[in-house]
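Listed below are the residues making up each chain.
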Amino acid sequence: MADTMEDEKGEASPAPPTFPEDDGPVDLSDIRPEDSVVLVLFWVLAGVVFLQFFSRYVLNDSIGWTEEIARYLLIGVTFVGAALAVRKNSHIAVEFFYRYLPGAWGRGLSTLVDLLRIAFFAVSAWITAKLALKTNQKMASIELGKDVVYWVVFVAFVLMTLYALWVAWRHWRQGYSVLTRPGARQMID
């Protein structure tokens, strides 16, 4: 197929992109039970936001609790989803410097990044637990404590810490990380 086409005036224009007919088999081997938690939270969030939209713009009478609950569901989706990103080792990273560092320096720096990530997640879990224990406030729209939101975030940070430990161990065992070998696919089995 040609890279250009002629338009009505006879002038050359770029050909429209073509897409493969078959993308191949879908690989669902990396699906874990916590993925379903994020999926459920996301669809409940979508339902609450739709209910908010429908009641406000169609019925012209907004349901009061939808905005607050949507906010808390978004927090849950964000933090539990972040735990999944740690498990898949797919958070963004700056790989530029690793290309110019000698192998031992790159490995040392990537190990330091792994250790700092573990420390950050562990300290964040500890701070979140302290905050959850001190929170006695109820949500404004429903009779549920705000500490529930903090406990969800705490569990997500604990998951992130455990997954970061596992990823760091795996990097140490195999001798490289995705930072030092950007093309290598890294995911917890």
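Structure shown above.
Since we're looking at a predicted model, the values are computed, not measured. (Residues numbered from 1 in each chain as written. Predicted model: local features only at pLDDT ≥ 70, side-chain atom pairs only at ≥ 80, totals over all residues. Heavy atoms only, no water.)

### Examining the nonpolar core
Burial of nonpolar side chains together is a common tendency in soluble globular proteins. Counting 26 residues, the largest nonpolar core has Leu73, Val86, Phe121, Phe157 and Met160 as its most contacted members. Among the elements of the structure, helix 1 (33–58), helix 2 (66–88), helix 3 (103–134) and helix 4 (147–174) are those that each provide at least two residues to this core. Top element by residues in this core is helix 2. It accounts for 10 residues. In this structure Phe157 touches Phe79, Phe121, Ser124, Ala125 and Thr128, once residues within four positions along its chain are discounted. (Core = buried A, V, L, I, M, F, W, Y, C linked by side-chain atoms within 4.5 Å. Buried < 20%, exposed > 50% of the residue type's maximum accessible area, 1.4 Å probe, protein only. Helix = DSSP H or I, 4+ residues; strand = E, 2+ residues; numbered from the N terminus. Contact = heavy atoms within 4.5 Å.)

### Focus on the side chain of Asp35
Among the secondary structure elements, Asp35 is positioned in helix 1. A polar contact is formed between the side chain of Asp35 and the backbone nitrogen of Arg32, at a distance of 2.9 Å. If near-sequence neighbours (up to four positions away) are discounted, Asp35 is found in contact with Asp30, Leu84 and Arg87. (Polar contact = N/O pair within 3.5 Å; in protein donor to acceptor, adjacent residues only side chain to side chain.)

### A few points about a nonpolar patch on the surface
Together, Val94, Phe97, Leu101, Trp105, Leu109, Leu112, Val113 and Leu116 give the surface a local cluster of nonpolar side chains, amounting to about 780 Å² of exposed area. Note on placement: Phe97 falls in the loop between helix 2 and helix 3. (Patch = residues over 30% accessible without salt bridge, like charges linked within 9 Å, V, L, I, M, F, W, Y side chains within 5 Å. Areas by Shrake-Rupley, 256 points an atom, 1.4 Å probe, with all protein chains shown as cover. Salt bridge = Lys/Arg side-chain N within 4 Å of Asp/Glu carboxyl O.)

### Points about helix 1
Because an α-helix packs 3.6 residues into every turn, residues spaced three or four apart end up facing the same way. For helix 1, built from 26 residues, the straight-helix expectation of 38 Å at 1.5 Å per residue is met to within 8% by its first-to-last C-alpha distance of 37 Å. Residues Glu34, Asp35, Val38, Leu41, Leu45, Val48, Gln52 and Ser55 constitute the buried set of helix 1. Looking at the buried positions of helix 1, the neighbouring elements they touch are helix 2 and helix 4. Two residues or fewer past helix 1, Asn60 is found with a positive phi of approximately 60°. (Expected span 1.5 Å × (residues − 1).)

### Looking at the packing of aromatic side chains
Within this structure, the stated rule accounts for six aromatic pairs. When the centroid spacing of 5.3 Å and the interplanar angle of 80° are considered together, the rings of Phe42 and Trp43 count as edge-to-face. Looking at Phe42, the relative accessible area reads 40%, which means it is partly exposed. Under the relative-accessibility criterion, Trp43 is labelled exposed at 56%. A ring pair is formed by Trp151 and Phe154, whose centres lie 5.4 Å apart and whose planes are at 90°; its orientation type is edge-to-face. With Trp151 and Phe154 both in helix 4 and three residues apart, the pair spans about one turn of that helix. (Phe/Tyr/Trp six-rings, centres within 6.5 Å; stacked < 30°, edge-to-face > 60°.)

### Examining the layout of surface pockets
Space inside the second largest pocket adds up to approximately 180 Å³. Forming the walls of the second largest pocket are Leu41, Ile69, Tyr72, Leu73, Ile75, Gly76, Met139, Ile142, Leu144, Val148, Val149 and Val152. Only helix 2 and helix 4 provide two or more residues apiece to the lining of the second largest pocket. Here the lining of the second largest pocket gets five residues from one element, more than from any other, and that element is helix 2. Tallied by class, residues from the lining of the second largest pocket come to 11 nonpolar, one polar and no charged. (1 Å grid on protein atoms, 1.4 Å probe; cavity = no way out; pocket = protein on both sides within 12 Å on 5 of 7 lines; lining within 4 Å. Points joined across faces, edges and corners; volume = space filled by probe spheres on them. Nonpolar A, V, L, I, M, F, W, Y, C, P; charged D, E, K, R; others polar.)

### Points about the pattern of salt bridges
Counting across every chain of the model gives three salt bridges. Arg87 is paired through a salt bridge with Asp35; the nearest N and O atoms lie 3.1 Å apart. Of this pair, Arg87 sits in helix 2 while Asp35 is found in helix 1, placing the two residues 52 residues apart along the sequence. Note on accessibility: Arg87 and Asp35 belong to one class, buried. Across the pair Glu67 and Arg71 runs a salt bridge, and its minimum N-O distance is 4.0 Å. A residue pair is termed a helical-turn pair when its members lie 3 or 4 positions apart in one helix, as Glu67 and Arg71 do in helix 2 at four residues.

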